[in-house]
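For reference, the chains in residue letters:
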Amino acid sequence: MGRRLLCLLVAVLSVASPPARADAPKRIVSLNQCLDAILVELVPTERIAAISHYSRDPVRSPIAKLAQRLPITYESAEEIVALRPDLVLASRHSAIPTRNALRRVGIHYELFDVPFSVKESLAQIRRIAALVDSAAAGEVLVARIEHAIEAARLPQGAPRLTAAVYETGGLTAGANTVTDDLMQTVGLDNVAARYGIKTHQPMQLELLLATPPDLLLVGEILGADGTQAARVVQHRALRKVHSKRWDFAARFMYCSGPTIVEEVAALARARDAVYATSRAQASR
Amino acid sequence: MMTTRRWVMPSLLALVLGLAIASIVVGRIVLGWNVWLDQDTIGRTILLELRLPRALLGIVIGAALGLAGAALQGYLRNPLADPGTLGVSSMAAFGAVLSIFFGIADWHPWVLPLSGVGGAIVGMAALLLLAGMTASALTLVLSGVILSAIAVAGIALVLSLSPSPWAAGEIVRWLLGALADRSLDDLAISSPLIAVGAALILTSRQALDALTLGEMGARSLGIDLRRAQWQLAGGVGLVVGASVAVSGIIGFVGLVVPHLLRPLVGAKPSTLLVPSAAGGAALVLAGDVVVRILPGGSEVQLGVVMSLIGAPFFFALLYSMRRQVT
Amino acid sequence: MKIDSRLRVAELTVERGGRRILGSVAVEFASGSVTAVLGPNGGGKSTLLGCVAGLLSPSHGTVELDGTPLPSLAADERARRIAFLPQIPEISWPVDVATLVALGRIPFRHRASDAENEAAVRRAMQATRTTQWSQRTVTTLSGGERARVLLARVLAGESDWILTDEPFAGLDPAHQFEAADLLQSLAAQGHGVVLTIHDLALAARIADRVVILHRGRIVADGTPEAALTPSTLREVYGIDAQWVAVRERGAPLIAIHGRHAS
């Protein structure tokens, strides 16, 4: 029922949204794949002058197919200048010389930090929406994300589980990350956060051995043809960690925004799998 | 034999000019001839604000590194010396990296390069402290090794404390060395320092020549070795520090160029200085052109290309030296 | 050409690392003669020569060139008047011979014209008979040939004083005599030549004056016959030696019989 209402809302808002104002940016360049994913949800493709070439990566980008049809840059000042953009979206970690060059030439850019919580991610969406003068579309996207989060929320009375993300090199999502935020909502207590790991840092394997979580979210690799999904982490000691394992694509940690929809659903499925396993074990 | 020598400098200068033109012409955006007319303001912007500073920086930084390499090899009487030996380039990199880490590099385009220069100055002061009272080349080199070790450890610490993999990636990409998207600001900051450093190096030409006879021989010719050491260390430090502050770490130029030119120009240290500057300019410009014509979308970092050229060269050099000894 | 120059050493003491290398040495060298400084290893010969050349600082005492203490002279001026050839021949770069010899003109870079410098280099190479190697790379020469080239470098400076530390080490007898003749002719032209040497016989043959340093002190100073007496040699070197007259050739030689049985 909630979903049908949402679809109606989306339909109404997209029909009812006023056309872009005359001074709304019409040649938008985005230099970051995470910002790209948000941008394509907010404006029609005619207003996008270019996105980042990373968005065409079929393995890591959620909008790879769409990106094939859009112009791209390799984030060099020359290319950006040649596009004559009226708005440039960039990450705070983009190359400083490139930003200096844009500033010299009088091209305006907006910087975006890595969001450290769901709230920050949604605020970022709204900020971009305001910049590109698509506030209504922004609200639609925010609503879709919030709906997905609600759908994944831990049901009343269900037990909380412990969990940890463990990618190649031991990279994990600690406190102050969107992933941690979502895990909290889904009912997974982040082991990494308990050990004081903040943001994205490597986690010592011995912490997992000391506190084996109920659920271990381990990275997947997709082979070139997308069929091979192997456990990336092959450490011998990890065999001793008898947690339920579930695939958790590393790219969920790279971007938030629209990716949250997929990510939170994956977390919920992982949680439900643990419940199913423990029910199966209990009934034996 | 003497006639070959006479042609070297003009040939090098012609090469530099040709490569500078190539550097201006090559790029992802094709500039038509009407870039000089009023119609193509975008093309003019790209030309004047992006291509031209990049080519000029290639010349200035390449010359700086070539000159510093020849000077240091002359002073240390060792063909394996490289401008990074004194540790000042690592300290300059550390200073620049700190400004990125603390987020102040965003405030103004001058902050990052000036932080790099600050690092270089701290490095030179530390050298003075560690090796100041002696005129010993060995102490100078060991002090440089210590400084490098400290700076590299500092950079590693900064990387491990980075708040996110993307922040660390930004620092790593800067460290790998590039001339891409550098502006006239970068040229304005680095050129005066490089000019002063080059002047210091050039005034110690006689000392370098006299050192052909060893330290005692040089002193018997009336050379003040302590003053020569500080002229050279100061000159090399300024030249290298200003370069790294703007471009990141571009290695091997100072090592490779004097070697290539020694057979052509003669082994006398003072005659190698200016040709090495020209050769360095040519090499860096050539590398910067290569990074833009290699296939694949993003530019490869210039420091990477230099390592790809320099490492096999270095290996071949060591191999031939080994054969000479045995 | 008469150069009247004196190098005077007074109360020269050199202490390094607690050890006394030279103890209150006093000696005066005159131009127009060859003085050989002899002594056992570690006796202080090279240190004395280094101090006299102005390259080592003594702990006490002075070295004066014609009345002026060496530290008061500008380094350039000192280099123009005193040439020094170190014991260990270092040639760091494979330069050609003409370039190497021309290094001897560095102290004159602000004082002499290019033409004067080139002329001095030419004369030096002629005197050492190295002109034919002018364009050859120094590292392709043999040890003896290299020694001649390094001597040419010293001569190119045309300085009053030529101080050389072990100039004959590693040379075969023919080259040794060649170098010795050259040094003697320089003294005859009025230069002051001071050298350190191990070979007693060669010292006796070429030196006008012999100074023997033993444990940092001068134990003998005079003509070869007067200074190199059998008793002195026994005391300083621990060897049995005597002078032998070789009638056909003229000058007497020293024959060393062996270690002194004590």
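In this text, all values refer to a predicted model and were calculated from it rather than measured experimentally. (Residues numbered from 1 in each chain as written. Chains lettered and ligands numbered in written order. Predicted model: local features only at pLDDT ≥ 70, side-chain atom pairs only at ≥ 80, totals over all residues.)

Here's the deal with the packing of helix α4 (residues 111-131) of chain B against helix α10 (residues 225-247) of chain B
Residues and elements named next belong to chain B. Two elements in contact, α4 and α10, have axes whose closest approach is 8 Å; the angle formed by their N-to-C orientations is 155°. Accordingly, the angle class assigned to the pair α4 and α10 is roughly antiparallel. In this structure, α4 meets α10 at a crossing whose hand is right-handed. Packed against α4, whose contacting residues are P113, G116, V117, A120, G123, M124 and L127, the element α10 presents A233, G234, G237, G241, A242, V244, A245 and V246 at the interface. The residue makeup of the contact of α4 with α10, split by class, is ten nonpolar, five polar and no charged. (Axes fitted to C-alpha atoms, helices over the stretch in contact; angles between N-to-C directions. Helix = DSSP H or I, 4+ residues; strand = E, 2+ residues; numbered from the N terminus. Parallel < 35°, antiparallel > 145°, perpendicular 65-115°, else oblique. Left-handed = near helix turned anticlockwise from the far one by under 90°. Contact = placed C-beta atoms within 7 Å. Nonpolar A, V, L, I, M, F, W, Y, C, P; charged D, E, K, R; others polar.)

Observations regarding the packing of helix α3 (residues 88-101) of chain B against helix α6 (residues 165-175) of chain B
Residue and element names in this part refer to chain B. Running from N to C, α3 and α6 point in directions that differ by 150°, and their axes come no closer than 10 Å. In terms of axis orientation, α3 runs roughly antiparallel to α6. For the pair α3 and α6, the crossing hand works out as right-handed. In this structure, α3 contributes A93, V97, I100 and F101 to the contact, and α6 contributes E170, I171, W174 and L175. Across the contact of α3 with α6, the residue classes break down as seven nonpolar, no polar and one charged.

Here's the deal with the domain arrangement of chain A
All names here are of chain A. Segmenting chain A into domains produces domain 1 (2-148) and domain 2 (156-282). Taken together, the contact pairs 18 residues of domain 1 with 18 residues of domain 2. Ranked by the residues each element gives to the side of domain 1 that touches domain 2, the list is headed by helix α2 (residues 33-42), at five residues. Partitioned by chemical class, the residues of the side of domain 1 that touches domain 2 number twelve nonpolar, three polar and three charged. (Domains from an automatic or database assignment.)

Description of the interface of chain B and chain A
Tallying the contact residues gives 27 residues for chain B and 23 residues for chain A. Counting residues per element, the ones that place at least two in the side of chain B that touches chain A are α2 (41-76) and α6 of chain B. At six residues, α6 of chain B tops the list of elements feeding residues into the side of chain B that touches chain A. Grouping the constituent residues of the side of chain B that touches chain A by class yields twelve nonpolar, seven polar and eight charged.

Let's talk about the sheet that holds strand β5 (residues 68-69) of chain C
All names here are of chain C. The four strands are arranged β2-β1-β4-β5 in an open sheet whose pairing can be described as antiparallel. Of all strands in the sheet, those with a lone pairing partner are β2 (19-30) and β5, marking the two edges. Across two bridges, strand β4 (residues 60-65) lies against β5 in antiparallel orientation. Looking at β5, one finds that E64 is bridged to P69. On top of the sheet, helix α1 (residues 45-52) reaches β1 (6-16), β2 and β4; it is set at about 125° to β1, its chief contact. (Pairing = 2+ DSSP bridges.)

Overview of helix α8 (residues 178-186) of chain A
In terms of residue burial, α8 of chain A counts as a mostly covered element, since seven of its nine residues are buried. Trailing α8 of chain A by a residue or two, G187 of chain A shows a phi angle of about 105°, which is positive. (Buried ≥ 20, exposed ≤ 12 C-beta atoms within 10 Å, placed from the backbone.)

A look at the nonpolar core
Ranked by size, the top nonpolar core spans 176 residues in total, and within it A64, L67 and A71 of chain B together with V101 of chain C carry the most contacts. Among the elements that line this core, the one with the most residues is α2 of chain B, at 14 residues. A64 of chain B has contacts with I194, A198, V239, V240 and S243 of chain B, leaving out every residue within four places of it along the chain. With 75 residues, the next largest nonpolar core counts L42, I128, Y166 and M183 of chain A among its residues. (Core = buried A, V, L, I, M, F, W, Y, C linked by C-beta atoms within 7 Å.)

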